[in-house]
Amino acid sequence: MASSSSSSSSLSSILVLLIMLSMLVFASAGNFYQDFDITWGDGRGKILNNGQLLTLSLDKSSGSGFQSKKEYLFGKIDMQLKLVPGNSAGTVTAYYLSSQGPTHDEIDFEFLGNLSGDPYILHTNVFSQGKGNREQQFYLWFDPTADFHTYSILWNPQHIIFSVDGTPIREFKNSESIGVPYPKSQPMRIYSSLWNADDWATRGGLVKTDWSKAPFTASYRNFNANACVWSSGSSSCSKNSNNSWLYQEMDSASKEKLKWVQKNYMIYNYCTDKKRFPQGLPPECTA
């Protein structure tokens, strides 16, 4: 009996340890308290559910926003968002990576609200050395307000890939060989904000924000960063790092998905806008 009791006690101890370890892993896998600071909005940004959910709200007085505690120099960043439902015209939910200063780098997702029943526009842009003007815009193939969806940025020395639920929608390649600056030396934080942009966001500013529908709320969960953290002038990734994302290229299946999205859901591409660039398209567009 003593042996049975001892074995039962050991088993119980192991089970308790396993439960504690699983709780520890869950807590470290994207806890908003640990990973982000709400930076503006006077209480309109909230961290809920023990750090597992973050919400941003916008009313007539103010929007709100947050930023990551850490800076990153290359990484694969995932975040699940559920966008403002109903009549979201005039609102913009921005989720992006950015450094600071006049020659900053930036990798943007911006979700432009619309009237009830009309689709959101997903606006993307890449800034390098302070120069942007690289917009591509898309409709989505689902309702981004009905549930959470995963929006990802893969940023490595070869290229930047924007993905939605694992489907690539845009690739910006490193074209330094033809004189196009590429974001590779400025660490960036993750930022997000919900704000009023009814001077341009919906139909070029023709449709204004309906404040009777406020507050407008966007929700975030399941943040994950497989990334090189930049701290005190050095990276957490060594030169011999075996992070697969750091060398990840697009396989044939990913290229086919990218073509499918761009054929069926892209609504604007700066690389085909000859009226905007009468002196010739940017060099990365013809490479």
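Residues numbered from 1 in each chain as written. Predicted model: local features only at pLDDT ≥ 70, side-chain atom pairs only at ≥ 80, totals over all residues. Heavy atoms only, no water.

Asker: What is the right way to look at the environment of L258 in this model?
Answerer: Mapped onto the elements, L258 comes out in helix α3 (residues 252–264). In this structure L258 comes out as buried when scored by relative accessible area, which is 11%. Separated by 96 residues in sequence, L258 and F162 place their C-alpha atoms 9.9 Å apart. Discounting chain neighbours no more than four positions away, the residues touching L258 are P168, I169, R170, E171 and M250. (Helix = DSSP H or I, 4+ residues; strand = E, 2+ residues; numbered from the N terminus. Buried < 20%, exposed > 50% of the residue type's maximum accessible area, 1.4 Å probe, protein only. Contact = heavy atoms within 4.5 Å.)

Asker: Looking at this structure, I do not really get the state of the cysteines. What am I missing?
Answerer: If you walk through the whole model with that rule in mind, you get 2 disulfides. Put simply, C271 and C285 are joined by a disulfide, and their sulfur atoms are 1.9 Å apart. Between C271 and C285 the sulfur-sulfur dihedral comes to about -75°; the bridge is accordingly left-handed. Of this pair, C271 sits in the loop between β16 (266–269) and α4 (283–286) while C285 sits in helix α4; the two residues are 14 residues apart in sequence, bridging distant segments of the chain. Residue C271 is classed as buried on the basis of its relative accessible area, which comes to 17%. (Disulfide = S-S within 2.5 Å.)

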